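Chain and residue survey
Now for the letters of each chain:
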Amino acid sequence: MFRAARSAASFLVVIGALAVLWEVVKLLGGDPSSEPWPPPFQWTVASDLNMPHVWEIAASFAEPAQRNGPPLGVVLVNAGIFTFREAFGGFVFGALLGLGLAIVFVHSRLLERALVPYVVASQTVPIIAIAPVVVIWLRGGWLAVAVISAYLTFFPVTIAGLRGLRSPDPRALELMRSYASTSRDILLKVRLPAAAPYLFAAFKVAATASVVGAIIGELPSGIRDGLGGAILNFNQFYVSGPPKLWAAIIVAAVVGIGFFALVRVGEVLFLRGRTAADA
Amino acid sequence: MIDSVVRVRGVDKVFGAGADKTPALQQIDLEIPKGAFVSLIGPSGCGKSTLLRLIGDLTQPSVGTIEVNGKTAHRARLDRDYGMVFQAPVLFDWRTVQGNVELPLEMSATDRTARADRARAMLALVELTGFERRYPWQLSGGMQQRVAIARALSFEPAILLMDEPFGALDEMTRERLNLELLRIWKQTGTTIVFVTHSVPEAVFLSTHVAVMSARPGRILELIPVELPQPRNDLTREDERYFGFITRVRERLRGRDVMRPGAAEVAAS
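The model shown is predicted, which means the values in this text are computed figures rather than measured ones. The written sequence of each chain sets the order in which its residues are numbered from 1. Throughout, the order in which chains and ligands are written sets their labels, letters from A for the former and numbers from 1 for the latter. Only residues with pLDDT of at least 70 are given local features in this predicted model, and only at 80 or more are side-chain atom pairs given and counted; all residues enter the totals for whole chains, interfaces and linings.

Counting from the N terminus, the helices are the DSSP runs of H or I reaching at least four residues and the strands are the DSSP runs of E reaching at least two. In terms of helices and strands, chain A carries ten helices and zero strands. Each residue is classed by its C-beta neighbour count within 10 Å, where at least 20 other C-beta atoms makes it buried, 12 or fewer makes it exposed, and intermediate counts make it partly exposed; the C-beta atoms are placed from backbone geometry. Here chain A holds 279 residues, and the buried ones make up 37% of them. Considering only contacts within chain A whose residues lie at least 6 apart along the sequence, 70% involve residues at least 24 apart. Residues are treated as contacting if the C-beta atoms built from their backbones sit within 7 Å of each other.

A few words now on the overall build of chain B. Along the backbone of chain B there are nine helices and ten strands. Based on C-alpha atoms, the radius of gyration is set beside the globule rule, defined as 2.2 Å times the residue count to the power 0.38. Against the globule reference of 18 Å for 268 residues, chain B gives a C-alpha radius of gyration of 19 Å, in line with a compact fold. Expressed as lengths along the three principal axes of its C-alpha atoms, the size of chain B is roughly 55 × 50 × 35 Å. For chain B, the proportion of its 268 residues judged to be buried stands at 44%. The long-range share in chain B, meaning contacts at least 24 apart out of those at least 6 apart in sequence, stands at 68%.

Further remarks concern the nonpolar core. Structurally, a nonpolar core is described as a collection of buried Ala, Val, Leu, Ile, Met, Phe, Trp, Tyr and Cys residues joined by way of C-beta atoms within 7 Å. Formed by 80 residues in total, the largest nonpolar core has its most connected members in Val 6, Ile 55, Ala 150, Leu 161, Val 193, Val 203 and Val 248 of chain B. For this core, the leading source of residues is helix α5 (residues 141-153) of chain B, giving seven residues. Counting residues in each nonpolar core, the second largest holds 59 residues, with Ile 57, Ala 160, Ala 209 and Ala 248 of chain A among its members.

This paragraph deals with the pairing of strand β3 (residues 37-41) of chain B. Residue and element names in this part refer to chain B. With respect to burial, β3 is a largely interior element, five of its five residues being buried. Across the two faces of β3 the burial is the same, with Phe 37, Ser 39 and Ile 41 and Val 38 and Leu 40 all buried. Any two strands with at least two DSSP-identified bridges between them are counted as paired. Direction of pairing for β3 relative to strand β8 (residues 191-195): parallel, over a ladder of four bridges. Within β8, the residue paired with Phe 37 across the bridge is Ile 192.

One frequently used descriptor of interface size is the decrease in accessible area upon assembly of the parts. The domain limits used here are those given by an automatic or database domain assignment. Domains assigned within chain A are domain 1 (1-51) and domain 2 (63-270). Using C-alpha coordinates to define each centre, domain 1 of chain A is positioned 31 Å away from domain 2 of chain A.

In this assembly, 16 residues from chain A lie in contact with 18 residues from chain B. Mapped onto the side of chain A that touches chain B, the elements with two or more residues apiece are α7 (170-178) and α8 (183-221) of chain A. Here the side of chain A that touches chain B takes six residues from α7 of chain A, the largest share from any one element. Considering only residue class, the side of chain A that touches chain B consists of five nonpolar, four polar and seven charged. Classification convention: Asp, Glu, Lys, Arg as charged; Ala, Val, Leu, Ile, Met, Phe, Trp, Tyr, Cys, Pro as nonpolar; all other residues, Gly among them, as polar.

Let us now look at the pairing of strand β7 (residues 159-163) of chain B. All names here are of chain B. Most of β7 sits out of view: five of its five residues are buried. Residues Ile 159, Leu 161 and Asp 163 line one face of β7 and the alternating positions Leu 160 and Met 162 line the opposite face, and both faces are buried. Two elements, strand β6 (residues 82-85) and β7, share four bridges in a ladder whose sense is parallel. Looking at β7, one finds that Gly 83 is bridged to Leu 160. Relative to β8, β7 runs parallel, the two being bridged by five bridges. By the bridge assignment for β8, Leu 161 is matched with Val 193. A right-handed crossover is one whose linking path, passing over the helix from the first strand to the second, runs clockwise when the strands point away from the viewer. For the handedness criterion, the β-α-β arrangement of β7, helix α6 (residues 171-188) and β8 is classed as right-handed.

Time to look at unusual backbone geometry. For the peptide bond that leads from Arg 215 of chain B to Pro 216 of chain B, omega is -5 degrees, which places it in the cis range. Its place among the elements puts Pro 216 of chain B in the loop between β9 (208-212) and β10 (219-224). The linkage connecting Gln 229 of chain B with the following residue, Pro 230 of chain B, adopts the cis geometry, with an omega of -10 degrees. Locating Pro 230 of chain B in the fold gives a position in the loop between β10 and α8 (239-252). One non-glycine residue, Ala 180 of chain A, lies in the positive phi region at around 55 degrees. On the secondary structure map, Ala 180 of chain A appears in the loop between α7 and α8. The phi torsion at Glu 127 of chain B lies on the positive side, around 60 degrees, for a residue other than glycine. Within the secondary structure, Glu 127 of chain B sits in the loop between α4 (112-125) and α5.

Moving on, we come to the sheet that holds β8 of chain B. All names here are of chain B. The strand order across the open sheet formed by six strands is β6-β7-β8-β3-β9-β10, and the pairing between neighbours is mixed. Each edge of the sheet is formed by a strand with only one pairing partner; in this case those strands are β6 and β10. Strand-to-strand twist of the sheet, defined as the mean angle between neighbouring strand axes without regard to direction, takes the value 15 degrees. Between the N-to-C directions of two axes lies an angle of 0 to 180 degrees, each axis being a line fitted to C-alpha atoms and, for a helix, fitted only over the stretch in contact. Each of β3, β7, β8 and β9 is contacted by helix α1 (residues 48-55), which is oriented at about 150 degrees to β8, the strand it contacts most.

Structure follows, in structure tokens:
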């Protein structure tokens, strides 16, 4: 608990430092009209259009997103929840598919040799290219987005899972053979528990990737209720309200970090009691 | 001979094929009577661990037959006649001590309470009562090895196969565990096949020492160790004990001459 509080505190310190750095850049090269002094430089990146003030971004959460609409903060939180649901679906699909493949591969060298190159190749195809196809196949909607997100998440789980399932000491497997145990017993009582630390490492990568996948998946699906839709929208109308896009980016990051933290909590609970090195 | 628990007949073991063919064991004949404590000793790479693994059906002979309790070694493994202990404890670090000892019982569909009772009894046997809920990494090396022994004994195997179980432990722990192992052997009446590098350990523990040659391994002689039972600390000071150590050493060096009372040589 103490460690968790400390890492949360250092996280906030870093966020604070970034905000300060952001404003220092603006003080040095921002628009003369919005700075307390004439900045010594004129940097295009640091203009109020490209880098709105931190307080303007913060204030935008309370302002209506559209005329007479609810505040931007409410809109973005709802969008964040919507996208998180898709990402969670993608995470679960991806984790199950990834672990399933790893279990198949660990039992069949033949299938491993035949299929692993395609698993690797799948990740070289940009998700932007895959997403529209999936949307056409599944006619858009929540499921299509989850499938697109799963496309990003299964890969680390397969690779780490395979490694973890192979991690037990060969003598541990011999020991199990000497008990005349079935391969199901070996899987459930030796391979999977041994793979757990590897899997959690992959789940953490997959959790953040699933949010990226969900946001990208929303774009070709025409889904307007999620963060992808919000980012697209605020991007199109950037000039009329630069802080809105930045606010959407912040919410997207919070969703990703929150998902990561959720997996981390699961990891700590699940691996409790093991050697200190694992936890 | 009817009482033989293990009967190895004309066994050869060859690793690899073609040009890489390496003969590991040659013409092994070995009878192990019920309740015996047999040590396999020989130079490094002589195939003593391979022989142990053959008996335990973890690998198969190239030629010859192995019978265990009147069955094939394969059948015996499926019947769970073996308890295995390796040089490393090979405990599962996500299971408590108790959970590790219960693991083999989970395969044989023993019910939960019977399993827990049996595990506690085995932990008492290796004098680890009170450590049930600890995790393996919280124990010393010697204690971990005792957990491994308790686990191997949990389902009352007819035969205990031990591959240098105390090889990684310090001398004092090793001597203490030797005595404990003898006590457990007496209490359970199980047959033990024990691989070791240490001549004194082999002589101290065993009813028979099988002396093996360098690769390809053959059994040069099965030496019965006629020292009084039960063995204890006094055994280590017995003159006959040194006599047997010398005899095993000389057989290992390839000399047949028996020189009784050569205690000075052994002690040096």
